[in-house]
Amino acid sequence: MKSQANRRKTETITTAAVLTALVFVLQMLGSFIKFGPFSISIVLIPIVIGAATLGPKIGAWLGLVFAVTVFISGDAAAFLAVNIPGTIVTVIAKGVLCGYFAGVAYKLVAKFNKYAAVAAAAIVCPIVNTGVFFVGCILFFLETVAEWAAGFGLEGQTVKYMFVGLAGGNFLFEFGSNLILSPVIVRFLDIIKKNK
């Protein structure tokens, strides 16, 4: 009984470590793939997988790794130049919360259907990530974002600029890729586990 618990714990730690490395690598690579002024977060896929297979705490951990890597990659530089504490709070909150709530969504829906639960986690993760980003923009960067909007010919249309210029395309890509790939990858991992 104890050896089985130890084996499960070792598998959890190993899987979390692999997903942590994957989050770091994907965010670093993703910083070179731009969609508008910001990088596409293909990194949300391993966060969803971790949150679904290992729980909300590991999802939050992977989100934190994502946030730290955003700073390392330089993706937060434009915001850091405006408000350092606001940037730190926004980036860490969006990372941690998107991973945590993806895990919560999975747990709530898994009672009914595992693959629907993965899809729910895949939907929640980019929504929370983008939603917290928007809240951070409103709380800490509204004046700057309004200036950016005016620079794009959208003076007085800050919210429209936030949706279209800052996050719209990124969100759609993240949402679609998460919704398609996360359930497929979890299904693949289940097949591998059954064949062990």
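Coordinates for the structure precede this section.
Being a predicted model, the structure only gives us computed values, none of them experimental.

A. Fine view of the overall build of the protein. Summing up its helical and strand segments, the protein has eight helices and two strands in all. For the protein, the N- to C-terminal ordering of α and β elements is α-β-β-α-α-α-α-α-α-α. For the protein, whose C-alpha radius of gyration is 18 Å, the value lies close to the compact-globule estimate of 16 Å for 196 residues. With respect to the principal axes defined by its C-alpha atoms, the protein has extents near 65 × 30 × 25 Å. Out of the 196 residues belonging to the protein, those deemed buried represent 43%. Sequence-distant contacts in the protein: of pairs separated by 6 or more residues, those separated by 24 or more amount to 70%. With the model as given, the accessible surface of the protein reaches about 10400 Å², and the carbon-plus-sulfur share is 72%. With 15 positive and 7 negative side-chain charges, the protein shows a spacing of 23 Å between the two charge centroids.

B. Fine view of a nonpolar patch on the surface. Together, Phe 24, Val 25, Leu 29, Val 68 and Ile 72 line one region of the surface with nonpolar side chains, adding up to about 430 Å² of accessible area. If you list the elements that add at least two residues to the nonpolar patch, you get α1 (2-30) and α3 (56-73). For Val 68, the position within the fold is in helix α3.

C. Seen up close, helix α6 (residues 114-140). Here α6 is 27 residues long and its end C-alpha atoms lie 38 Å apart, about the 39 Å a rise of 1.5 Å per residue gives. Looking at where α6 begins, the residue whose side-chain oxygen comes 2.9 Å from the main-chain nitrogen of Tyr 115 is Asn 113.

D. Main features of the nonpolar core. Among the nonpolar cores identified, the biggest contains 31 residues, and Val 23, Leu 44, Ile 47, Leu 62, Phe 66, Tyr 106 and Cys 125 are the most heavily contacted of them. Only α1, α2 (44-54), α3, α5 (84-110) and α6 provide two or more residues apiece to this core. Counting residues in each nonpolar core, the second largest holds twelve residues, with Phe 79, Leu 154, Met 162 and Leu 166 among its members.

E. Structural detail: α2. The buried count for α2 comes to nine of eleven residues, which makes it a mostly enclosed element. By the burial criterion, the buried members of α2 are Leu 44, Ile 45, Pro 46, Ile 47, Val 48, Ile 49, Gly 50, Ala 51 and Ala 52. Downstream of α2 by one or two residues, Gly 55 has phi in the positive range, about 105°.

Conventions and cut-offs
Residues numbered from 1 in each chain as written. Predicted model: local features only at pLDDT ≥ 70, side-chain atom pairs only at ≥ 80, totals over all residues. Heavy atoms only, no water. Helix = DSSP H or I, 4+ residues; strand = E, 2+ residues; numbered from the N terminus. Rg over C-alpha atoms; globule rule 2.2 N^0.38 Å. Buried < 20%, exposed > 50% of the residue type's maximum accessible area, 1.4 Å probe, protein only. Contact = heavy atoms within 4.5 Å. Areas by Shrake-Rupley, 256 points an atom, 1.4 Å probe, with all protein chains shown as cover. Lys, Arg positive; Asp, Glu negative; His and termini not counted. Charge placed at Lys NZ, Arg CZ, Asp CG, Glu CD. Patch = residues over 30% accessible without salt bridge, like charges linked within 9 Å, V, L, I, M, F, W, Y side chains within 5 Å. Salt bridge = Lys/Arg side-chain N within 4 Å of Asp/Glu carboxyl O. Expected span 1.5 Å × (residues − 1). Polar contact = N/O pair within 3.5 Å; in protein donor to acceptor, adjacent residues only side chain to side chain. Core = buried A, V, L, I, M, F, W, Y, C linked by side-chain atoms within 4.5 Å.

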